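# Observations on chain architecture
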Amino acid sequence: MARLLVTGGAGYIGSHTVRALRAADHDVVVLDDLRDGRAEFVPDDVDLVEAATGDRAAVKAVLGGRGPFDGVLHFAASISVGDSVTSPLAYWRNNVADCLTLVEETIAAGVDAFVFSSTAAVYGHPDVQPIAEDAPVRPINPYGSTKAAVERFLAEARSAGLLRSIALRYFNACGAHPDGGIGEAHDPETHLIPLALAAVAGDRPALKLFGTDYPTRDGTCVRDYIHVVDLASAHVVAVEALMQGHGGGAYNCGTGVGTTNREVLDAVAEVAGRQVPVEDAERRAGDPAELRADPTRFSAEFGWEPTMSDLETVVSTAWDWYRELRTA
């Protein structure tokens, strides 16, 4: 059993990873300022410290007073591409400067295993599909730029022998825990599946389908959807490998399966039993036609495979969670 600090552990992906870590018999402390996270997402047997990763005194106190820790998993970040374009400096502060504070204190505390929540947005508009880790890193928005910047300083810290780290580049995280207790609840919500669920439930106007003339099989964008429970399991595998001496690096976390927006809406209609009200709209600036992972490197090195990322399971668990959220 290891003792692990999870920042942003009250958020969507972080809270699922906390559950996966506890199921693997690890001891967990969560650090979260609850700006976007929910305290009720943190299990009762997990300590929750309400503080920001940029609060150096708080981070130092946790690492020193509640340790010793064997590893840190960092999820606390701002994640909206649109917001990053209008508020870039806030993203650089929260995603880069605050993460640097956390990394400095992690190293000072003698912790040598760090898992970073990165994103496929570091690739920008890739030239080849599926996307392998050696594709050029050329983000096209501040969100992707901030994640790429953290990956860069983590790589340089690895090269200097200061900290071993793994950056997991997520594709489209989705779904909810099968027990219904936690799921996706962003405010405002920007992701396709929860927006489609809200539309089919009558809780929002017709869903805007941005772009119907892409060079894809049905004219809509293609994305790689990975169930959040599978994503959480990848973090468990990553931090355990680092604690066992793995050198680290950057890895894709996806399935390699591309799903169009219309296929997602069809799956929502099938699960909910009624059609999603849709309004066709123009393409959004900067949306690539396709983003699909080549996940073979992570699978080959760690023996990890997704088990819940088929579209029916993704949408069914998300729908169960959404109905519970509506009645809460």
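The present account deals with the structure reproduced in this document. In this text, all values refer to a predicted model and were calculated from it rather than measured experimentally.

### Focus: the packing of aromatic side chains
- Evaluation of the coordinates by the stated rule reveals six aromatic pairs.
- Aromatic side chains F41 and W321 sit 5.8 Å apart centroid to centroid with 70° between the ring planes, which places their arrangement in the edge-to-face category. Of the two residues, F41 sits in the loop between β2 (27–31) and β3 (47–49) while W321 sits in helix α10 (residues 311–327), which places them 280 residues apart along the sequence. You'll find F41 and W321 in the same group, each marked buried.
- An aromatic cluster is built from Y251, F298, F302 and W304, whose rings are joined through pairwise contacts.

### Here we look at the pairing of strand β8 (residues 207–210)
- What you see with β8 is a clean split: L207 and L209 sit on the buried side and K208 and F210 on the side with no burial.
- Pairing between β8 and strand β13 (residues 278–281): four bridges, direction parallel. Following the sheet pairing, L209 is matched in β13 by D280.

### Concerning unusual backbone geometry
- Residues G67 and P68 are joined by a peptide bond in cis, for which omega reads 5°.
- Between Q129 and P130 the backbone carries a cis peptide bond, its omega angle lying at -5°.
- Residue placement: P130 occurs in the loop between β5 (113–119) and α5 (142–159).
- Look at D25: it is not a glycine, yet its phi comes out positive at around 70°.

### A word on the side chain of S309
- Tracing the backbone through its elements, the reader meets S309 in the loop between α9 (296–302) and α10.
- Within the structure, the side chain of S309 is placed 2.8 Å from the backbone nitrogen of H227, a separation counted as a polar contact.
- Within the structure, the side chain of S309 is placed 2.6 Å from the side chain of D230, a separation counted as a polar contact.
- Once residues lying within four places of it in the same chain are set aside, the contact partners of S309 are Y225, I226, H227, D230, T255 and V314.

### Looking at the sheet that holds strand β1 (residues 3–7)
- Taken together, seven strands build an open sheet; the order of strands is β3-β2-β1-β4-β5-β6-β11 and the sheet is parallel. Edge strands, defined here as strands with exactly one partner in the open sheet, are β3 and β11 (248–253). Strand-to-strand twist of the sheet, defined as the mean angle between neighbouring strand axes without regard to direction, takes the value 20°.
- Across the face of the sheet, helix α2 (residues 56–65) comes into contact with β1, β2, β3 and β4 (71–74) while running at roughly 170° to β2.
- Here helix α7 (residues 228–243) sits on the sheet in contact with β1, β4, β5, β6 (164–170) and β11, set at roughly 165° to β6.

### Some words on the environment of E50
- Note that E50 resides in the loop between β3 and α2.
- The class of E50 is exposed, set by a relative accessible area of 59%.
- The spatial distance from the C-alpha of E50 to the C-alpha of G161 is 31 Å, given a sequence separation of 111 residues.
- Residues contacting E50, with those up to four places away along its chain left out, are D32, D33 and L34.

### Describing α2
- Residues A58, V59, V62 and L63 constitute the buried set of α2. Around the axis of α2, the buried residues are gathered within 125° of arc, so they sit on the same side. Summarising the geometry of α2, the exposed residues directed more than 90 degrees from the buried face are A57, G64 and G65.
- Buried residues belonging to α2 abut β1, β2, β3, β4 and α4 (88–108).

### Here's the deal with the pattern of salt bridges
- Tallying each qualifying case throughout the model produces 19 salt bridges.
- E105 is the partner of R56 in a salt bridge, and the nearest nitrogen-oxygen pair spans 2.8 Å. Linking R56 in helix α2 with E105 in helix α4, this pair joins segments that are 49 residues apart in sequence.
- The class for R56 is partly exposed, based on a relative accessible area of 35%.
- On the basis of relative accessible area, E105 is assigned to the buried category, the value being 7%.
- One salt bridge connects D127 with R138, and the closest N-O pair in it is separated by 2.7 Å. Residue D127 is located in the loop between β5 and α5, and its partner R138 is located in the loop between β5 and α5; the two are separated by 11 residues in the primary sequence.
- In this structure D127 comes out as exposed when scored by relative accessible area, which is 61%.
- Taken together, the shared-partner salt bridges connect R56, K60, E104 and E105 into one network.

Parameters at a glance
Residue numbers restart at each chain and count upward from 1, following the sequence in its written direction. At least 70 in pLDDT is required for a residue's local features to be given in this predicted model, at least 80 for side-chain atom pairs to be given and counted, and no such filter applies to totals for whole chains, interfaces and linings, which use all residues. Just so you know, side-chain values use all the structure's heavy atoms and leave hydrogens and water out. Each pair of aromatic rings taken from Phe, Tyr and Trp, with Trp reduced to its six-membered ring, is defined by centres within 6.5 Å and is described as stacked if the planes are under 30 degrees apart, edge-to-face if over 60, and tilted in the remaining cases. Helix numbering and strand numbering both begin at the N terminus, where a helix is a DSSP run of H or I of at least 4 residues and a strand a DSSP run of E of at least 2. Only protein chains enter the accessibility calculation, which uses a 1.4 Å probe; a residue whose area is less than 20% of its type maximum is buried, one above 50% is exposed, and one in between is partly exposed. In this analysis, strands are considered paired if DSSP registers two or more bridges between them. Two N or O atoms count as a polar contact when they lie within 3.5 Å, although within protein this holds only if one can serve as hydrogen donor and the other as acceptor, and sequence-adjacent residues are included solely when both atoms are side-chain atoms. Contacts are assigned to residue pairs that have any heavy atoms within 4.5 Å of one another. Lines fitted to the C-alpha atoms define the axes, with helices restricted to the stretch that makes contact. Angles between their N-to-C directions range from 0 to 180 degrees. As used here, the arc belongs to the directions running from the helix axis to the C-beta atoms. Think of a salt bridge as a Lys or Arg side-chain nitrogen and an Asp or Glu carboxyl oxygen that are within 4 Å of each other.

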